[in-house]
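# Structural overview
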Amino acid sequence: VDAFQAWCGPCKTAVDLFQRIRNEVGGNLLHFAVAEVDSIDALEGYRGLCQPVFLFYAEGELVALVRGLNPALLRKTILELL
C-alpha cells in the first residue's frame, strides 16, 4: 500500500515499479493499492510525513514497511516477502 497525503499524491514511480514486478512474478501474488492517509483514521500515524511510506501486508497483517522511494529496497522487500 502506497500511503500518501493528498498534497503530494501517490508515487507514480512506485506504481510503475510495482506493475513491473507484478508482471514478472504473476498477478495473483502481488497486489498494489494506494491509500490517502488524511482520509483513513487507521493510517493517522503516517500523516505529516514528507516522504512516501509503503506498507506491506500478508494475510491482513502488516509485515514490512519501507519509508522513502528506494526502488532497490522496495524490490528487495517485495521479492523477499513473496
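Residues numbered from 1 in each chain as written. Predicted model: local features only at pLDDT ≥ 70, side-chain atom pairs only at ≥ 80, totals over all residues. Heavy atoms only, no water.

In contact at an axis separation of 11 Å, helix α1 (residues 12–25) and helix α2 (residues 71–81) are set at 35 degrees when each is read in the N-to-C sense. In this structure, α1 meets α2 at a crossing whose hand is right-handed. Across the interface between the two elements, Leu-17, Phe-18, Ile-21, Glu-24 and Val-25 from α1 touch Pro-71, Leu-74, Arg-75, Ile-78 and Leu-79 from α2. Tallied by class, the residues present in the contact of α1 with α2 amount to 8 nonpolar, no polar and 2 charged. (Axes fitted to C-alpha atoms, helices over the stretch in contact; angles between N-to-C directions. Helix = DSSP H or I, 4+ residues; strand = E, 2+ residues; numbered from the N terminus. Left-handed = near helix turned anticlockwise from the far one by under 90°. Contact = heavy atoms within 4.5 Å. Nonpolar A, V, L, I, M, F, W, Y, C, P; charged D, E, K, R; others polar.)

Attention now moves to the pairing of strand β3 (residues 53–58). In terms of strand pairing, strand β1 (residues 2–4) meets β3 through 2 bridges, oriented antiparallel. Counterpart to Asp-2 in the pairing with β3 is Phe-54. In this antiparallel pair of consecutive strands, β3 and strand β4 (residues 61–67), the connection spans 2 residues, and Glu-59 shows a positive phi of 55 degrees. (Pairing = 2+ DSSP bridges.)

This part is about the environment of Leu-74. The topology assignment puts Leu-74 in helix α2. On the accessibility criterion, Leu-74 (0% relative accessible area) is buried. With 52 residues separating them along the chain, Leu-74 and Arg-22 place their C-alpha atoms 13 Å apart. (Buried < 20%, exposed > 50% of the residue type's maximum accessible area, 1.4 Å probe, protein only.)

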